[in-house]
Each structure stands twice: as C-alpha cells, then as structure tokens.
Amino acid sequence: MAALITTLTMVGFATIPIETSHFGKRFTILRNLMSFAAAMIIALMMGAIL
Amino acid sequence: MKRYKLLILTVILYILAFAYDPKVFASAVSNTGLYLKEMIQILPAVFILTGLLNAWVPHKVVEAKLGKESGLFGRLISLFLGAVSAGPVYVAFPLVQSLLGKGMSVGNAVILISAWAAAKVPMFLIESRFLGIGFASLRTPLTVIAILIMGALMDRMMSGSDIILSTRDDNKRLEAVVALLPNQNCLACGHKGCLDYAKAVLEGGASTDLCRVGEKGLSERLASVRKESL
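Residues numbered from 1 in each chain as written. Chains lettered and ligands numbered in written order. Predicted model: local features only at pLDDT ≥ 70, side-chain atom pairs only at ≥ 80, totals over all residues. Heavy atoms only, no water.

What follows is about the pattern of salt bridges. Pairing of side chains with opposite charge becomes possible as their charged atoms draw close. A full pass over the atoms with the stated rule returns 3 salt bridges over all chains. For Arg-31 of chain A, the salt bridge identified is with Glu-19 of chain A, shortest N-O distance 2.7 Å. With Arg-31 of chain A in helix α2 (residues 25-49) and Glu-19 of chain A in helix α1 (residues 16-23), the pair connects residues that are 12 residues apart, well separated along the chain. One exposure class covers both Arg-31 of chain A and Glu-19 of chain A, and it is buried. One salt bridge in this structure joins Glu-127 of chain B and Arg-139 of chain B, with 2.7 Å as the shortest N-O distance. Pair noted here: Glu-127 of chain B is in helix α7 (residues 121-131) and Arg-139 of chain B is in helix α8 (residues 133-157), with a separation of 12 residues, a long-range link. Residue Glu-127 of chain B is classed as buried on the basis of its relative accessible area, which comes to 8%. Arg-139 of chain B gets classed as buried once you look at its relative accessible area, which sits at 2%. (Salt bridge = Lys/Arg side-chain N within 4 Å of Asp/Glu carboxyl O. Helix = DSSP H or I, 4+ residues; strand = E, 2+ residues; numbered from the N terminus. Buried < 20%, exposed > 50% of the residue type's maximum accessible area, 1.4 Å probe, protein only.)

Laid out in structure tokens, this is it:
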C-alpha cells in the first residue's frame, strides 16, 4: 500500500516556489493540499481493493 | 540580488555537500545534470508552443472550449492535454498560465496540471512495467476521477482573474497581461508592441481600450486586472 503513495507525484514539494510565482499562493496551496488528500484516498482505496 | 536567493542557497548546499563527502557531491551534480538535460529537451518546445498559442489562438476559442461554461467537454479536453504530455510538471506552468490568461477556467487548469503530473500516458506505460498492469490500471482511473473532482472543487473556490492578480512575481503578472493581448504587435495602440502596451497598462496607467485588434471585452479584462493590482 505504501507503494501507492507514488501518487504523490501530484504534490510538487520542490516545485511550490515556481508554482506560486506563476499562479499565486492560494492556488498553489489549494491544489497541493487537495492533491495530497486525493493521493491518500486513492492509496486507501487501492489498499482495500488489491 | 533577491532573485538569486535560491540559486545562492543551492550553491552553498553544493559546497557543503562537497566538504561533507565528495561522493555525495558527485551524485548530486550528476542528478542535477539529468534534470537539466530533461528540461533542455522539453522546455524549448513548450515555450514555442506557448508563444504560438499566445499569438494565434483567440481568446474566444479558449474561453469557449476550456472556459467556465465549457462543461464536461472542456474538462475532458484539459484531461487529454495533460495526459498526452511529456516532461516534468513545471514545464506545464507557462503554458497553463497563458491558457488561463486566454480564458481557461481554474478547474481545467488544475485538471491539466494534475493529469500532466500523475495521469499521463508515458507514466502509465512505465508504471505497468514496474508495478504491474493491475496496479497501473487501477491507480490511473482512480486518479482521473480524483482529478476531475479536484477541478470541480477548484472552480468553486477560485476564478481565473484571482490567479492573475495574485502572482507575486511582477514578471509573471506582466506575462499574464500580455497573454490577454492579441500579440500581433501591430502598433495600432500607439505603443511599441504588445509587451510595451501591457507594461503601460500595468504600470503607466495607460488607457485600456487602445487595442484596436483586441477581442470584445479586452478593455474590461485589462481594466479589472489593473484595478485589482493597485
């Protein structure tokens, strides 16, 4: 199940500064938080199914 | 000097790494080399594409197909664009910023970026090979669903002009305004080109309805960007 945390490619930790400069703080924070939550949920679901 | 803060920090870290253990330094440098190579391969193509998009694709088209009213179809198109991409996510940022300036909805921007990051075709192939096709075939659709939901949520929470106004970097804000203009550099507005007019609107208080070639509503869009950034 830990392998499913690969879905965390959606949360760009190192790319946050450049994402902020392109799109602003609010967008970057919202998108990354949601991506993180989504990754967790997906991982849980996959753990349950597989 | 402030612009190079991150670069200076990185160089210091490299020096520290070398002092700590030359092998760590060597592997860090070779990793950076790989990333640079990857960027060099894809960035020029994306910049050219973005430039062409800025100049050739009218605001009307982007807004109709990818804007707030474009519905499910717009979302699917955004998903597709992200899925057939290549390269790391951050390469998508200039392109998406340009599209946002042209009227793409925030939700679709999120969908495009997220698909580019986590649900693209090359990734699916690699993933199948390393983690098994069962894994990949389950993760990818789940991810796609999550991405579509995220897009819908973001649409409710933010609007495109929020983004243009909140970009801290003045250069990026200028780029966003330039993306609103037709980019024909026809000089009809009396300025030395679209970049010049964009600067004049943002910083010089120029009138927003000077652009004769611009689409309907351009003047209002420029005015709203300028008004809120004051």
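On to helix α5 (residues 92-101) of chain B, then. Helical periodicity: at 3.6 residues per turn, an α-helix aligns residues three or four positions apart in one direction. Residues and elements named next belong to chain B. In terms of burial, α5 is largely enclosed, as 10 of its 10 residues are buried. Every buried residue of α5 is accounted for by Ala-92, Phe-93, Pro-94, Leu-95, Val-96, Gln-97, Ser-98, Leu-99, Leu-100 and Gly-101. One or two positions beyond α5, positive phi appears at Gly-103, with a value near 115°.

With that out of the way, let us pick up the interface of chain A and chain B. Listed as interface residues are 26 residues of chain A and, on the opposing side, 31 residues of chain B. Between chain A and chain B, roughly 2,700 Å² of surface is buried when both sides are summed, and carbon and sulfur atoms account for 80% of that area. Across the contact surface, chain A and chain B share 0 salt bridges. On the surface where chain A and chain B come into contact, there are 2 residue pairs in polar contact (both at pLDDT 80 or more). Of all elements in the fold, only α1 and α2 of chain A reach the threshold of two or more residues within the side of chain A that touches chain B. Of the residues in the side of chain A that touches chain B, the class split is 14 nonpolar, 9 polar and 3 charged. (Contact = heavy atoms within 4.5 Å. Buried area = accessible area lost by both parts, 1.4 Å probe. Polar contact = N/O pair within 3.5 Å; in protein donor to acceptor, adjacent residues only side chain to side chain. Nonpolar A, V, L, I, M, F, W, Y, C, P; charged D, E, K, R; others polar.)

From the geometry alone we can't say anything about function, so treat these as descriptive.
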